[in-house]
Amino acid sequence: VVTAESGDVDDPEVVDVGAALTEDLAAEPGVTAALSHWSIGLGELSPLRSEDGTQALVFATLDGDESDVVHLSGELSETYSGERDGVTVVATGRGEVTRQVSEQSEEDLQTAELLSAPVILVALVIVFGSLVAAFVPLVVGVVAVLGTFLVLTLLTGLTDVSIFALNITTAMGLGLGI
């Protein structure tokens, strides 16, 4: 999404930036096609232009499977997002949203594990009455998680596996072990 910082996306300065952005994006490795408000040439009638004329869309078709698209989306987002010559560029789309959700999910999982581990250990010591007995369910849970990670690793060679499978594996493995 390209936003004109002042004026309209059909102002000559913005047209030059938008057209160059579309051409640069089309030339990137892994991009099979790029199309934008400026490349279709319909002016104010363009379906890729906002009604108020302050924003326009640039589309890119990326080559590869879902993980390739997510990876390439991240690279392109870093390269093209930000301020440039009077416009603000923000990356969006299925690949970019999937990448951002995956990253946030991973961060949230790490935070949840760091906060819950001490509480769980204290609760297990209280329930089982000793530190050694408290570690038995945790060891069983860790072995279950590691075994599931091995199976998921093998499955990724055969099919796509959601990033959320890691979250579920950790939660279910430790939960069932406890």
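As shown above, the structure is provided for reference.
Presented here is an overview of the structure given in this document. The numbering scheme is per chain: residues are counted from 1 as the chain's sequence reads. This being a predicted model, a pLDDT of at least 70 is required before a residue's local features are given, and a value of 80 or more before pairs of side-chain atoms are given or counted; all residues contribute to the totals for chains, interfaces and linings. As a rule here, side-chain values come from all non-hydrogen atoms in the structure, and water together with hydrogens is ignored.

Here we look at the overall build of the protein
Helix and strand counts for the protein come out as six helices and six strands. Comment: elements are numbered from the N terminus, with helices defined as DSSP H or I runs of at least four residues and strands as E runs of at least two. What you see in the protein, going N to C, is helices and strands ordered as β-α-β-α-β-β-α-β-β-α-α-α. The size measure is the radius of gyration over C-alpha atoms, and the globule rule it meets is 2.2 Å times the number of residues to the 0.38 power. Over its C-alpha trace the protein gives a radius of gyration of 24 Å, far above what one expects of a compact globule, namely 16 Å for 178 residues. Counting only C-alpha atoms and orienting by the principal axes, one finds that the protein spans roughly 75 × 35 × 25 Å.

Focus on helix 4 (residues 94-128)
Helix span is expected to be 1.5 Å times the residue number reduced by one. A rise of 1.5 Å per residue sets the reference length of helix 4, with its 35 residues, at 51 Å; its end C-alpha atoms lie 47 Å apart and thus fit the reference within 8%. Along helix 4, the helix axis deviates most sharply at serine 116, where the bend reaches about 30°; the proline proline 118 sits within four residues downstream. Working definition: with a 1.4 Å probe on protein chains only, accessible area under 20% of the residue-type maximum means buried, over 50% means exposed, and in between means partly exposed. When helix 4 is considered as a whole, its buried residues turn out to be Gly95, Glu96, Arg99, Ser102, Ser105 and Leu124. Here a residue-residue contact requires only that any non-hydrogen atoms of the pair lie within 4.5 Å. Buried positions along helix 4 lie against helix 3 (66-80), helix 5 (131-156) and helix 6 (164-177). Immediately downstream of helix 4, the backbone of glycine 129 shows phi near 85°, a positive value. Bend angle per residue: angle between axes fitted to the 7 residues ending at that residue and the 7 residues starting there.

Digging into unusual backbone geometry
With a phi angle near 45°, aspartate 85 is a residue other than glycine that sits in the positive phi range. Tracing the backbone shows aspartate 85 in the loop between strand 5 (82-84) and strand 6 (87-89). The class for aspartate 85 is exposed, based on a relative accessible area of 67%.

Examining a nonpolar patch on the surface
A cluster of nonpolar side chains, Val97, Val101, Phe164, Ile168, Met172 and Leu176, forms an exposed patch at the surface whose accessible area comes to about 580 Å². For the nonpolar patch, the secondary structure elements donating two or more residues are helix 4 and helix 6. Per-element accounting of the nonpolar patch gives the leading share, four residues, to helix 6. Among the structural elements, valine 101 can be located in helix 4. Residues form patches when they are more than 30% accessible in relative terms and have no salt bridge. Like charges link within 9 Å. Nonpolar side chains (Val, Leu, Ile, Met, Phe, Trp, Tyr) link within 5 Å. For every accessible area listed, the method is Shrake-Rupley and the probe measures 1.4 Å; residues are considered covered only by the protein chains on display. In what follows, salt bridge is the name for a side-chain nitrogen of Lys or Arg lying within 4 Å of a carboxyl oxygen of Asp or Glu.

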